[in-house]
Amino acid sequence: MTKASYLKVGDLATATGLTVRTLHYYDEIGLLSPSGRSGVGHRLYSSEDVERLYRINLLRQLGLRLDEVSAALDDPDYDLVAMMNRHIAQLDHNLAIGHRLRQRLTTMTGTLADQRTPDTHELLETLEDMAMLNTAIQRRIPTLVYTDIDAAYTFLTEAFGFEPGQINHGENGIAHHAELTAGDGVIWLHQVSEQFALRSPKQVGACTEGMSIIVDDVDAHYRTAKSAGAHIIYEPVDQFYGYREYSAYDNEQHLWTFMKPLQ
């Protein structure tokens, strides 16, 4: 493969919708290291690298954490076809529910048109299918407000280990929006706003909300956060309600609690 046929990191980011920072992070943790380098050291990605990135995204869509994705990709028995079939099965499952729901609604429409009352059992099954499709509320995304999104983005990835995602800058170079992945969910970072009366705890001197995050190892996470400059409120402790946890402020005084259920 010639150097001309490699993709530069910026081109790969544009093609996939990921950020350059995310691809750099994947390289840092050994999840996706580029096969080549330019004469000045820029990352260059081969077709095999692109295929691996596809597998990474596929496994992420199936709900695996990055460490689980890495383990799966490095497993000699890993089967891409099996993973794709699993993805197809999920899609087929959702399509089957949607088709069944459509049939139920069509039947009930006819029942109501005849001025008859739908069967209670039929109504309950329809409600169950509607809940399974979860069409009304599909996802929750907490949004935190910061005066300096770039600084918060760096702090949260380095101190708390969140996975870097998209970050958007305006024409003035100031970041107005950023996304981070924390386990099974995404967190948005929003710029302070006069229009929406959004303030950072750093501005008002008080925090009115908190984020609780489940981690694998509370003590190891605590040591990393403390060494990165997080303001520790209390060190890891076993709580009476069944969790080992510690709490810390980030660089703009948002409250974070990192915890794990006690065995």
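Refer to the structure printed above.
An account of the accompanying structure is given in this report.

Reading guide: rules and limits
Residues numbered from 1 in each chain as written. Predicted model: local features only at pLDDT ≥ 70, side-chain atom pairs only at ≥ 80, totals over all residues. Heavy atoms only, no water. Salt bridge = Lys/Arg side-chain N within 4 Å of Asp/Glu carboxyl O. Buried < 20%, exposed > 50% of the residue type's maximum accessible area, 1.4 Å probe, protein only. Pairing = 2+ DSSP bridges. Helix = DSSP H or I, 4+ residues; strand = E, 2+ residues; numbered from the N terminus. Axes fitted to C-alpha atoms, helices over the stretch in contact; angles between N-to-C directions. Contact = heavy atoms within 4.5 Å. Polar contact = N/O pair within 3.5 Å; in protein donor to acceptor, adjacent residues only side chain to side chain. Expected span 1.5 Å × (residues − 1).

For the coordinates displayed, the defined rule picks out eight salt bridges. With a shortest N-O distance of 3.4 Å, D114 and R116 are connected by a salt bridge. Residue R116 is classed as partly exposed on the basis of its relative accessible area of 46%. Between E194 and R199 there is a salt bridge, with the nearest N and O atoms lying 3.4 Å from each other. Using a relative accessible area of 66% as the deciding quantity, one classes E194 as exposed. Bridged by salt links that share partners, the residues D27, R37 and R43 form one connected network.

Taken together, the three strands give an open sheet; going across it, the order is β1-β3-β2, and neighbouring strands pair in antiparallel fashion. Pairing within the sheet leaves two strands with one partner each, and these edge strands are β1 (7-8) and β2 (36-37).

Moving on to the sheet that holds strand β5 (residues 163-169). One open sheet holds the four strands; their spatial order is β4-β7-β6-β5, and the pairing between them is mixed. For this open sheet the edge positions go to β4 (143-146) and β5, each flanked by a neighbour on one side alone. Each strand axis lies, on average, 20 degrees off the axis of its neighbour in the sheet, ignoring direction. Strand direction decides the pairing type here: strand β6 (residues 175-182) and strand β7 (residues 185-191), joined by six bridges, are antiparallel. Its bridge partner lying in β7, E179 is registered against W188. Lying on the sheet, helix α7 (residues 149-159) is in contact with β4, β5, β6 and β7; it crosses β6 at an angle near 15 degrees.

With respect to the helices and strands, T147 occurs in the loop between β4 and α7. Owing to a relative accessible area of 27%, T147 belongs among the partly exposed residues under this scheme. Not counting residues up to four positions away in its chain, the partners in contact with T147 are Q191, V192, S200, K202, Q203 and E252. One polar contact links T147 to E252, side chain to side chain, over a distance of 2.8 Å.

Here we take up helix α3 (residues 47-61). If you check α3, its first and last C-alpha atoms are 21 Å apart, about what 15 residues at 1.5 Å a residue would give, namely 21 Å. Listed as buried for α3 are D49, L53, I56, L58, L59 and R60.

A few words now on the pairing of β7. Pairing analysis gives four bridges linking β4 to β7, with the strands arranged parallel. Bridge pairing in β7 places T143 opposite W188. Linking β6 back to β7 in an antiparallel pair, the connection comprises two residues, with G183 at a positive phi of about 65 degrees.

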